[in-house]
Amino acid sequence: MKLSGIHLLLTYQCIFECDHCFVWGSPSQSGTMRLRDIESILRQARELGTVEWIYFEGGESFLYYPLVLKGVQIAAGLGFAVGVVSNAYWATDAEDAYLWLEPFAGILRQLSISVDAYHGEDDSTRQAEHARAACERLKIPIGVISIAQPDPAVAPAATGELPAGESAVMYRGRAAEKLASQAPQQPPDRFTTCPHEDLREPGRVHIDALGNLHICHGISLGSVFQTSLHEICEKYDPDAHPITGPLLSGGPAELARRNDLPLRGSYADACHLCCEARRALRSRFAEILMPDQMYGIFNNQ
Ligand code: SF4
């Protein structure tokens, strides 16, 4: 596995609980990196020698503002291109947005703002505009991530079929539970490939606050706090892996078939079937299909 990008899930916590969220971000979530965790991951990323980009995301990364700022400073100092994903809840007006972003000037290569109706359309749009204006003044490149709401009358759309800048919902994480029933349904034997992740040779992966390296959200290849990032990458055998092996050979349909899982008549998309199959397999593959946070089980429940 040759990684060029690592996305740090700085925290599972968020001020919102969006229906489309892959990682079940919520005010009730738990799990936040410490500074020493960030330093360890960045050191390991540097040792790999192939990583170019480091992203800080969550949850909502700016909830831990001193931590994300320090993390960006360290990562930029190590020579990485650095990005941050945020919902811009903090951009209450143009001047305050500038105040929050000024320390990132010159070291942040991309601020990605997630803005859509799931955040409350009016507030979200206004805050994104304040963040954009501040970024322009500070010469910080800014991008916008927007998820289109599912339309029950239309099959899941490819990005190119949606308004510019919008992506279709992928029915994984909380979206599999909250939104999948609103989408047109298809039989499970249609889902014979993983459409969104390169499970054989992923260029980028996510590492969560517990150190878990996720090849897709909730499929952990191990914790970089227990096994080195280098060793995890070296040892990964995609075809022999009990979860990615079936997904590569026949998609979520094969994952369910190989494990004798009963299937319903229809699913919203491949991720919906994959998430339901993985949820049913968690007790069999407890070391892989984890942590609880990625399956909507909060520690305080
Ligand atoms: S099919 Fe499964 S592994 Fe592939 S992107 Fe969807 S949830 Fe992830």
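Refer to the structure printed above.
The structure displayed is predicted, hence computed values, not measured ones. (Residues numbered from 1 in each chain as written. Predicted model: local features only at pLDDT ≥ 70, side-chain atom pairs only at ≥ 80, totals over all residues.)

## Some remarks on the pairing of strand 7 (residues 204–207)
Under the convention used in this document: Here a strand pair is declared whenever DSSP counts at least two bridges between the two strands. The way it works is that DSSP assigns letters per residue, a run of H or I at least four long becomes a helix, a run of E at least two long becomes a strand, and they are numbered from the N terminus.
Bridge analysis of strand 1 (residues 5–9) against strand 7 gives four bridges, and the strand direction is parallel. Across the sheet, the residue bridging to Ile6 is Val205, located in strand 7. As paired strands, strand 7 and strand 8 (residues 212–216) are joined by two bridges and run antiparallel to one another. Bridging across to strand 8, His206 finds its partner in His214. Between strand 7 and strand 8, which follow one another and run antiparallel, lie four residues, and Gly211 among them has a positive phi close to 90°.

## Remarks on the site of the ligand
To keep things clear, this is the line we draw: To decide whether a residue is near a molecule or strand, its C-beta atom is placed from the backbone and checked for lying within 6 Å of it. Here the term charged refers only to Asp, Glu, Lys and Arg, the term nonpolar to Ala, Val, Leu, Ile, Met, Phe, Trp, Tyr, Cys and Pro, and the term polar to all other amino acids, Gly among them.
The ligand sits among Arg172, Cys194, His196, Glu197, Cys216, Leu247, Pro252, Ala270, Cys271, Cys274 and Cys275. Counting residues per element, the ones that place at least two in the shell around the ligand are helix 7 (244–258) and helix 8 (270–281). Counting residues per element, the shell around the ligand draws most heavily on helix 8, which supplies four residues. A breakdown of the residues in the shell around the ligand according to their chemical character gives eight nonpolar, one polar and two charged.

## Considerations on the nonpolar core
Which entries qualify depends on this criterion: Put simply, a nonpolar core is a cluster of buried Ala, Val, Leu, Ile, Met, Phe, Trp, Tyr and Cys residues tied together by C-beta atoms within 7 Å. Whether a residue is buried, exposed or partly exposed follows from its count of other C-beta atoms within 10 Å of its own C-beta, namely 20 or more, 12 or fewer, or something in between, respectively; the C-beta atoms are built from the backbone. What counts as a contact here is a pair of residues whose C-beta atoms, placed from the backbone, lie within 7 Å.
Leu8, Leu10, Ile54, Ala131 and Tyr171 are the most contacted members of the largest nonpolar core, which totals 88 residues. With six residues, helix 8 is the largest single contributor of residues to this core. Those residues in contact with Tyr171, other than ones at most four positions away along the chain, are Ala176, Leu179, Ala180, Ala183, Ala268, Asp269, Cys271 and His272.

## Looking at the packing of helix 1 (residues 35–48) against helix 2 (residues 65–77)
Counted only if it meets this: For every element, the axis is a line fit to its C-alpha atoms; helices are fit only across the contacting stretch, and the angle between N-to-C directions ranges from 0 to 180 degrees. Each angle is binned into one of four classes, with values under 35 degrees roughly parallel, values over 145 roughly antiparallel, values of 65 to 115 roughly perpendicular, and all other values oblique. Crossing handedness is read from the near helix: turned anticlockwise from the far helix by less than a right angle, it gives a left-handed crossing, and turned clockwise, a right-handed one.
Look at helix 1 against helix 2: their axes get within 10 Å of each other, and the N-to-C directions meet at 25°. Our classification of the angle between helix 1 and helix 2 gives roughly parallel. Every pair of crossing elements has a handedness; the one defined by helix 1 and helix 2 is right-handed. Across from Leu35, Ile38, Glu39 and Leu42 in helix 1, the residues of helix 2 making contact are Leu67, Lys70, Gly71, Ile74 and Ala75.

## Considering helix 1
Condition: Between the first and last residue of a helix there are one fewer steps than residues, each counted as 1.5 Å, and that sum is the expected span. This arc is taken over the directions from the axis of the helix to the C-beta atoms.
Between the first and last C-alpha of helix 1 there are 20 Å, a value that for 14 residues agrees with the 20 Å anticipated at 1.5 Å per step. Those residues of helix 1 lying buried are Asp37, Ile38, Ile41, Leu42, Gln44 and Ala45. Angularly, the buried residues of helix 1 cover 165° about the axis, an arc narrow enough to put them on a single face. Among the exposed residues of helix 1, those pointing more than 90 degrees away from its buried face are Arg36, Arg43 and Glu47. Tucked into the core, helix 1 has its buried residues touching strand 1, strand 2 (53–57), helix 2, strand 7 and helix 6 (229–235). Where helix 1 ends, the next residue or the one after it, Gly49, has phi of about 80°, a positive value.

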